[in-house]
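# Close look at the chain arrangement
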Amino acid sequence: MYIPFEEMAETSRVWVYQADRLLSENDKLRLSAKCNSFLQQWATHGQSLKSSFQIAHDKFLIISADESFNQASGCSIDASVSLIKSLEQELNINFFDRTKVCFLIDGKVIDFPMTGIKSNVEDGKITESTLTFNNLVSDIKAFNENWKVEAKNSWLKRYFQ
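The rules behind the values
- Counting of residues starts from 1 at the beginning of each chain's written sequence and follows it residue by residue.
- The model is predicted, so local features are restricted to residues of pLDDT at least 70 and side-chain atom pairs to those at 80 or more, both for listing and for counting; the totals for chains, interfaces and linings are taken over all residues.
- Neither water nor hydrogens contribute to the side-chain values; these are computed over all heavy atoms in the structure.
- Helix and strand definitions follow DSSP, with helices as H or I runs of at least four residues and strands as E runs of at least two, each counted in order from the N terminus.
- Throughout, exposure labels follow a simple rule: accessible area from a 1.4 Å probe, protein chains only, divided by the maximum for the residue type, with under 20% read as buried, over 50% as exposed, and the rest as partly exposed.
- Counting of polar contacts relies on pairs of N or O atoms within 3.5 Å, with two restrictions inside protein: one atom must be capable of donating a hydrogen and the other of accepting it, and residues adjacent in sequence are counted only when both atoms are side-chain atoms.
- Only heavy atoms enter the contact rule, under which two residues are in contact if any of them lie within 4.5 Å.
- Note on aromatic contacts: the rings of Phe and Tyr and the six-membered ring of Trp form a pair at centre separations within 6.5 Å, being stacked when their planes are under 30 degrees apart, edge-to-face when over 60 apart, and tilted otherwise.
- What makes a salt bridge here is a side-chain nitrogen of Lys or Arg within 4 Å of a carboxyl oxygen of Asp or Glu, nothing more.
- Here, a strand pair is defined by DSSP locating no fewer than two bridges between the strands.
- Where helices are involved, their axes are fitted lines through C-alpha atoms of the stretch in contact, as for all axes, and angles between N-to-C directions lie from 0 to 180°.

### Here's the deal with the side chain of Gln18
Summarising the element assignment, Gln18 is placed in strand β1 (residues 13-18). Relative accessible area serves as the criterion here: at 7%, Gln18 is assigned to the buried category. Separated by 3.3 Å, the side chain of Gln18 and the backbone oxygen of Lys100 make a polar contact. Of note is the side chain of Gln18, whose polar atom sits 2.8 Å from the side chain of Asn135. If we ignore the near neighbours within four places in the chain, the residues touching Gln18 are Lys59, Phe60, Asn94, Phe95, Lys100, Cys102 and Asn135.

Set out below in structure tokens:
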């Protein structure tokens, strides 16, 4: 059962998928249609999941499930991963590339390879106050409060000491 993202409970679980490229308008339309259709029928052990999604910064697909309504099971989570994998194939996107870190610089999302973080800090492209994305947030509350954090308040802090 799909509901608008802003109506999801703060305790709702989230999964953040980072695309390996910016999403075009056509990509976003197709993602929205497929996600809406999937979430309308997403269930766990025959029980509907209260769920939602949003696309952020033309780069991230965020899926959420209110587990106070019905708890997502392993099979239902597997079904959502299958959705993401089918979207990857259809749109020629990789949502599972963990070798790049995204930053919000001058209002734009820019990704850097993990292997280049140190040199980008040394060159001043990434500073302590540069916003980065914590895609490991677990629920809506954490998403709203801690998804975008200054680099100095993330795992990247070691580059500024």
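There's plenty left to go through after this.
### Some remarks on the packing of aromatic side chains
Going through the model one piece at a time under the given rule, you end up with ten aromatic pairs. Taking 6.2 Å as the distance between ring centres and 65° as the angle between the ring planes, the aromatic pair formed by Trp15 and Trp42 counts as edge-to-face. Remark: Trp42 occurs in the loop between α1 (25-41) and β2 (43-44) and Trp15 occurs in strand β1; sequence separation between them is 27 residues. Looking at Trp15, the relative accessible area reads 15%, which means it is buried. With 5.0 Å between their ring centres and 85° between their planes, Phe60 and Trp147 make a pair best called edge-to-face. Residue Phe60 is located in strand β5 (residues 60-65), and its partner Trp147 is located in the loop between α4 (140-146) and β9 (148-150); the two are separated by 87 residues in the primary sequence. We note that Phe60, like Trp147, is buried.

### A short note on the pattern of salt bridges
Following the criterion strictly, the structure yields eight salt bridges and no others. Glu150 is paired through a salt bridge with Lys152; the nearest N and O atoms lie 3.4 Å apart. For Lys152, a relative accessible area of 38% puts it in the partly exposed group. Among the charged side chains, a network of salt bridges with common partners joins Glu25, Lys28 and Asp58.

### What to know about the environment of Asn26
Mapped onto the fold, Asn26 is located in helix α1. The spatial distance from the C-alpha of Asn26 to the C-alpha of His45 is 34 Å, given a sequence separation of 19 residues.

### Digging into the sheet that holds β1
Sheet architecture is open: three strands sit in the order β1-β5-β4, paired in antiparallel fashion. Where the open sheet ends on each side, the last strands, each with one partner, are β1 and β4 (51-56). Averaged over neighbouring strand pairs, the angle between their axes works out to 15° when direction is ignored. Relative to β5, β4 is paired through six bridges, and the arrangement is antiparallel. Within β5, the residue paired with Ile55 across the bridge is Leu61. The strands touched by α1 are β4 and β5; relative to β4, the strand with the most contacts, the crossing angle is about 170°.

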